[in-house]
Amino acid sequence: MISTLFIASLLASKTTAFITPRQHSPSSLQRTDQIQKEIFTGASFSSSRNNSLNASPSSNAQSDSQNIFGVVSDAVTGLLFSLLHAFDDSGIEDSSKNLRVLWVRALLNYRGQIKDDVAKTFLPPTTRGLVTSDAGAALLDPVLKAAEWIQARTEFIDESLDSFLSSPICADSDTGKALECNVVLFGAGYDTRALRYRHEHEGKINFIEVDLPSVVKGKSKLYEKFQREQDKDWDLEGRGSKLIPFDLNNCGGSSPVSLIDTLRDQGELKENIPTFMVWEAVLFYVNEDAVRNIMSELFAFAKKGGNGDGSRAETLLCFTDSLKPFVRGPTTAPVKAFFNDQGLDLVQHRARWGGAVHFALAATK
């Protein structure tokens, strides 16, 4: 499709998000990656689905060690962030390390490594100086190396979204004016993207965010607080995100719930317009049967005709996430074949941690 070719060519000119990652030797640097992944995604290699089915005793011992480290790191960092939010009355909770990622994003923004001036506004005024002042940030600068994973995925998604919004399907060919489009964030947590892009694309982005009910409840309060304190003229009710309280694991089990139907019913997902769907470090937390059903629905939606027969009904799926159990290993060929078998074009791809995480962008053919 013309939009796929346009987006691919545009992204190819952006080197920051698509450079080939450095190849590290399997020694102390590999352990650094393990530590980083345990703290910032909560998804260790040892807990990846089906990884240990045929493991040797020695590998099982290593897996146990890694799991113990994950438990300890969770306890320590959980206590730290509880203290940072001790006097926070916003009502937000630390679900799947959402708060930790939020603090890191604020720090990365302060150090000029990402563009996210919204993250700090979600933090308690009494403690946010830890990541918004020279003195505070200096204490946490050692974290920045481990935070490269968050920086990389933020850049990948933002640059992919920018390319999507500037593609021909998102603009009137005669006037150049922006046209309406959908952007769906799964496992959105305290992601700030909907606020950062609230005035972009002439305000014609329909943001839909999906997460657990407790997270959605807290985020709705954060949005109200942001509108009240940062942008009083912004129409939160009319142009704000549609927040969907939904556990993705409900897509599996004996009575699976349709994800796409939920998006249409609760999120006002519109037909016959371009749709950009983001999966950012969330599938680690979803059961395999639910993942299989989710992928089946996504591919049916993204195929030609899946979201209507209009000429603009194209879909881009953006992953910085696990692709298990469908793809194992880091190479591009099986990823390309996987999406091709589902009727999609692989636009961009790279992998991290031996294929535990894939940065992939796939589009309607």
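Residues numbered from 1 in each chain as written. Predicted model: local features only at pLDDT ≥ 70, side-chain atom pairs only at ≥ 80, totals over all residues. Heavy atoms only, no water.

Trainee: Provide a residue-level description of the overall build of the protein, including the pertinent values.
Mentor: If you tally the helices and strands in the protein, you get 15 helices and seven strands. Here the protein holds 365 residues, and 51% of them are scored as buried. (Helix = DSSP H or I, 4+ residues; strand = E, 2+ residues; numbered from the N terminus. Buried < 20%, exposed > 50% of the residue type's maximum accessible area, 1.4 Å probe, protein only.)

Trainee: Please give an account of the packing of helix α13 (residues 259-267) against helix α14 (residues 288-302) that cites residues and values.
Mentor: At a minimum axis distance of 8 Å, the contact between α13 and α14 shows a crossing angle of 65 degrees. Contacts between α13 and α14 involve L259, I260, D261 and R264 on the former and, on the latter, I294, E297 and F301. Here the residues of the contact of α13 with α14 are counted per class, giving four nonpolar, no polar and three charged. (Axes fitted to C-alpha atoms, helices over the stretch in contact; angles between N-to-C directions. Contact = heavy atoms within 4.5 Å. Nonpolar A, V, L, I, M, F, W, Y, C, P; charged D, E, K, R; others polar.)

Trainee: Explain the confidence of the model for the protein residue by residue, including any values.
Mentor: As a general rule, the predicted coordinates of low-pLDDT regions are not to be interpreted in detail. This prediction gives the protein a mean pLDDT of 83; 75% of its residues lie at or above 70. Within the model, pLDDT remains below 50 along residues 15-66, and this stretch shows 92 contacts once partners closer than five positions in the same chain are excluded. (pLDDT = per-residue confidence, 0-100.)

Trainee: Tell me about helix α15 (residues 332-341), and name the residues and values.
Mentor: Among the residues of α15, those classed as buried are V335, F338 and F339. On an axial view of α15, the arc spanned by its buried residues comes to 90 degrees, and they lie on one face. For α15, the exposed residues set more than 90 degrees away from the buried face come down to A333, K336 and D341. Structurally, α15 contributes buried residues whose contacts are with α14, β5 (315-321), β6 (344-352) and β7 (357-364). Positioned one or two residues after α15, G343 has a phi angle of 85 degrees, which is positive. (Arc of directions from axis to C-beta.)

Trainee: Mind laying out the environment of Q342, listing which residues take part and the relevant values?
Mentor: In this structure, Q342 sits in the loop between α15 and β6. Each C-alpha atom of the pair Q342 and F299 lies 6.2 Å from the other, and the pair is 43 residues apart in sequence. Residue contacts for Q342: discarding those within four places in its chain leaves F299 and K303.

Trainee: If you had to explain the pattern of salt bridges to someone new, which residues and values would you point to?
Mentor: If you walk through the whole model with that rule in mind, you get 17 salt bridges. A salt bridge links E280 to R153, with the nearest nitrogen and oxygen atoms 2.8 Å apart. Pair noted here: E280 is in strand β4 (residues 275-280) and R153 is in helix α9 (residues 148-165), with a separation of 127 residues, a long-range link. Across the pair, exposure class does not vary: E280 and R153 are buried alike. E229 is the partner of K225 in a salt bridge, and the nearest nitrogen-oxygen pair spans 3.1 Å. One end of the pair, K225, and the other, E229, are both in helix α11 (residues 213-229), four residues apart, so they sit about a helical turn from each other. The buried category is assigned to K225, whose relative accessible area is 15%. Given the relative accessible area of 45%, E229 is considered partly exposed. One connected set of salt bridges, linked through shared partners, spans R105, D116, R153, D158, D191, R193, R196 and E280. (Salt bridge = Lys/Arg side-chain N within 4 Å of Asp/Glu carboxyl O.)

Trainee: Summarise the packing of helix α5 (residues 98-110) against α9; cite the residues concerned and give the values.
Mentor: The N-to-C vectors of α5 and α9 enclose an angle of 80 degrees; their axes lie 10 Å apart at closest approach. Between α5 and α9, the crossing angle belongs to the class labelled roughly perpendicular. Counted together, V101, V104, R105 and L108 of α5 and I150, Q151, R153 and T154 of α9 form the full contact between these two elements. Looking at the contact of α5 with α9, its residues break down into four nonpolar, two polar and two charged. (Parallel < 35°, antiparallel > 145°, perpendicular 65-115°, else oblique.)

Trainee: Explain unusual backbone geometry to me, and be specific about the residues and the numbers.
Mentor: A cis amide bond, omega 5 degrees, links K324 with the succeeding residue P325. Within the secondary structure, P325 sits in the loop between β5 and α15. With a phi close to 55 degrees, E268 is a non-glycine residue in the positive phi region. For E268, the location among the structural elements is in the loop between α13 and β4.

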